[in-house]
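Descriptive analysis of the structure
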Amino acid sequence: MKELAERMGSRKTAAVLAIQTTVLNSMLGFLYGRGFVQMMPVMLSTITDPLCHSVFDAGIEYCGQKLQLTKSMILHKQIAISSPHLEKIFILSPNVRLEKPECGVKGRYLIEFTQLDIEMRGAGKKEFMGLMEKMVRKTIGEVAHERKREIALLGRELRVPSSPFPVYESKEWRKKLGEEFEAELSKKESTPFWVMDHAREFYDREDEKERGYYHNYDLFYPEGFGEGLSGAERDFEYSVLKRKLVERGQKEEEFGAYMELAKGGHLSKSAGGGIGIERFVRYLCGLEHIREVSPFAKVPGDTFVV
Ligand code: ASN
């Protein structure tokens, strides 16, 4: 209990929370100013993101139904953005991902975190990535300006990165630097950067002609802070989604209402992504481990006291 009391009572914790407040105010203000509509988070659902890496099951039984804790709201975003009356949406979305304990040492993982999850109907990757660069630059600028005292207390210096951010193609850089190329690039870079084309979930758009090329993008932070945002253009046609589920050995029934809507032609073209709030705050504050972002941080493998 002493450690929790110390962490809660420290100036550092208060400075980090103040910076996080400015981050949220800046990002939400940015989206409101551009006509985005905010939706409330879904925390329990019959469907959720399958994720491309393995996590422990976080399902519960309720009145004879199996419900899952939200890993991400991607499927709900795709359903919502298909309304002809909604063009741009976002959710400040709490996610639960019961990561394997060994992830704890990496300094970037929490089993409970929040992402600002955004989706735009009809958009492509260029438009979405450009928007995210503007949002990230505005937010860094506002934190640097409004939180000088807190930034100084943390011994950090902040500079607004110039745009456009560098873009790396994953296949090319994996060949050049090996499997750990993203970590290498993150250590070497001095500005946030994009890594394109990751083979992952069935809803990220795969090129129709060049199979195995994915129209997705991750934003990485420099100084070794690693990945902070992931997003993609989406596949939405039933036959394509179905083929990709089969290829991944996943069952259509696991995605019930989502696949039913796809079958009826009710999903539409969109692009979006989610930026992890705790990871962004960790980067801005220059914190060694993500546990320092919140006194209640749940790091994989830890024994939790609260
Ligand atoms: N939020 C991500 C996206 O929009 C999905 C995820 O978090 N797995 O692509």
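The structure this text deals with has already been given above.
Residues numbered from 1 in each chain as written. Predicted model: local features only at pLDDT ≥ 70, side-chain atom pairs only at ≥ 80, totals over all residues. Heavy atoms only, no water.

This part takes up the packing of aromatic side chains. Counting across every chain of the model gives twelve aromatic pairs. These aromatic residues form a ring-pair network of at least three members: Y168, W173, F193 and F220. Lying across the ring of F56, K100 places its NZ or CZ 4.9 Å from the centre. A cation over an aromatic ring shows up here: K176 above the ring of W173, its NZ or CZ 4.3 Å from the ring centre. (Phe/Tyr/Trp six-rings, centres within 6.5 Å; stacked < 30°, edge-to-face > 60°. Lys NZ or Arg CZ within 6 Å of the ring centre and 35° of its normal.)

Bringing the nonpolar core into the picture now. The biggest cluster of nonpolar side chains holds 48 residues, and the ones touching the most others in it are L116, I118, M135, W194, I275 and F280. Among the elements of the structure, helix 2 (11–33), strand 6 (112–121), helix 4 (125–146), strand 8 (193–196), strand 9 (216–221), strand 11 (270–276) and helix 10 (277–285) are those that each provide at least two residues to this core. The contacts of I118, once residues within four sequence positions are left out, are L31, F36, K77, I89, F90, F128, M132, M135, G272 and G273. Core analysis: the second largest hydrophobic core is formed by twelve residues, L241, M259, A262 and L267 among them. (Core = buried A, V, L, I, M, F, W, Y, C linked by side-chain atoms within 4.5 Å. Buried < 20%, exposed > 50% of the residue type's maximum accessible area, 1.4 Å probe, protein only. Helix = DSSP H or I, 4+ residues; strand = E, 2+ residues; numbered from the N terminus. Contact = heavy atoms within 4.5 Å.)

In this structure, E233 sits in strand 10 (residues 226–233). Of note is the side chain of E233, whose polar atom sits 2.7 Å from the backbone nitrogen of K125. The contact partners of E233, leaving out residues within four places of it in the chain, are G124, K125, Y203, D204, R205, H215, Y217, S270 and A271. (Polar contact = N/O pair within 3.5 Å; in protein donor to acceptor, adjacent residues only side chain to side chain.)

Let us now look at the environment of V281. One can find V281 in helix 10. Judged by its relative accessible area of 0%, V281 falls in the buried class. When the C-alpha atoms of V281 and V293 are compared, they prove to be 6.9 Å apart, with twelve residues separating the residues in sequence. Ignoring any residue separated from it by four or fewer positions in sequence, one finds V281 in contact with V16, Q20, V23 and V293.

No statement about biological role is implied by the geometric values presented.
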